[in-house]
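# Architecture at a glance
Here is how the chains run, residue by residue.
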Amino acid sequence: MDTAAIFTHFDTLNTEENTVLLLSNHLYQTVSKVWSELPGVKLVYEPLSVQNKEFLDLLSTLDITIKCSNQDLLENLARKQGVVIGTSNLTTSFIKSAFAKGFNNFLTQQSRDVLKITNVLGNEFSQTQEFSKEETTEDILENVQHSSSQSDRQICVGTLQSLQELRFLKDRIMDLKWKLPSDVRLSVELGQEFFQSTFLIATKIIGKEILDGQTSYTVDMSMFEEFACYLDTETNFSVYSRSDSTSHCSLYGNTGDEEDLILEGEIGEVDTGYWILLGNAGLADCRGLDMILLDKDYRVVRPRSPSQAFSNSLDLEFSLLTVSA
């Protein structure tokens, strides 16, 4: 990845912020590809961390329905956004909170999910039946036929983890469209890989120490805050700097805790005050971060702050994000 344009931008950036979220246009190119292969199918995505409102607005711009399974994310959503409520945290209070915000479409996998929602809302909700890719077309058809009749029937036919799986899901969807009643609407959930690789975090070096020939850097973020979602998972961050001279280094968060280790590996030599980039950071908690958009060549489209209001649209012909005030 050519990061020269990004570092040039940060060299001239006048900001008091030491950590910034960057969103690559490759996300939009990928979503455009999925739309072209699965026309008429609703796309669903579940942010596993609590994203800032600008990113959630961008999902709406792409007509991606947000799957919400936790209270923190729910509080960050606007009533105008397309939302389906997940069932992994289906408490009575969560059901009531979602309904109070105007979200009454629930993903259901088992009859007990439907019963739990019915006990709280009666019949004042709609449901999207959720299936896995492992379930056969015949299983789906049988389940839909035996489900209670609804005027607005919806099913989610599985999770698309990569573009390589498009052919399988496309064939399955075409088969279901042929065999299901015309009023049944289909959706597909986009896997985390689509978003993981399109997020970068730009963060500033705030400390450098060399001990026994081993260099360690400190950045102004933390595994216990922005990267908390990675604490129980194997991290696969890529790291970029302006220097071509690399050495094996450690990168720590800003808490001073020795457990606040973000990564160890080859890092280009930098000094305090320099910016570095961390890639594959799609699970970062970005609530407090400003967001910058990148075009397909990783050039900055336009810096934005959460206090500014923008309208956003995707130019499908060129797969470029258009940002206008």
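Here, every reference points to the structure presented above.
Residues numbered from 1 in each chain as written. Predicted model: local features only at pLDDT ≥ 70, side-chain atom pairs only at ≥ 80, totals over all residues. Heavy atoms only, no water.

### Considering the pattern of salt bridges
A full pass over the atoms with the stated rule returns nine salt bridges. Measuring nitrogen to oxygen at the nearest pair gives 3.3 Å for the salt bridge that ties Asp171 to Arg167. With Asp171 and Arg167 both in helix H8 (residues 166-179) and four residues apart, the pair spans about one turn of that helix. Close ionic contact of Lys179 with Asp175 constitutes a salt bridge, the shortest N to O distance being 3.3 Å. One end of the pair is Lys179 and the other is Asp175, both in helix H8 and four residues apart, which spans about a single turn. Salt bridges here are not isolated pairs; linked through shared partners, they connect Glu46, Lys67, Glu130 and Glu189. (Salt bridge = Lys/Arg side-chain N within 4 Å of Asp/Glu carboxyl O. Helix = DSSP H or I, 4+ residues; strand = E, 2+ residues; numbered from the N terminus.)

### Considering the nonpolar core
In this structure, Phe55, Phe195, Phe227, Leu251 and Ile262 are the most contacted members of the largest nonpolar core, which totals 76 residues. Broken down by element, this core gets its largest block of residues, five residues, from helix H2 (residues 26-37). The contact partners of Phe227, leaving out residues within four places of it in the chain, are Ile201, Met221, Ser222, Phe237, Ile262, Leu278, Ala281 and Ala284. Phe10, Val20, Leu22 and Leu294 belong to the second-largest nonpolar core, a separate cluster that totals twelve residues. (Core = buried A, V, L, I, M, F, W, Y, C linked by side-chain atoms within 4.5 Å. Buried < 20%, exposed > 50% of the residue type's maximum accessible area, 1.4 Å probe, protein only. Contact = heavy atoms within 4.5 Å.)

### Examining H2
Each turn of an α-helix holds 3.6 residues, which means side chains three or four residues apart point in the same direction. Look at H2: 17 Å from first C-alpha to last across twelve residues, which is about the 16 Å you get at 1.5 Å a residue. Those residues of H2 that sit buried are Leu27, Tyr28, Thr30, Val31, Ser32, Val34 and Trp35. (Expected span 1.5 Å × (residues − 1).)

### Here we look at the side chain of Thr3
Examined against the element boundaries, Thr3 turns out to sit in the segment before helix H1 (4-11). Take Thr3: its relative accessible area is 9%, and that puts it in the buried class. When neighbours within four sequence positions are excluded, Thr3 is seen to be in contact with Tyr240 and Leu277.

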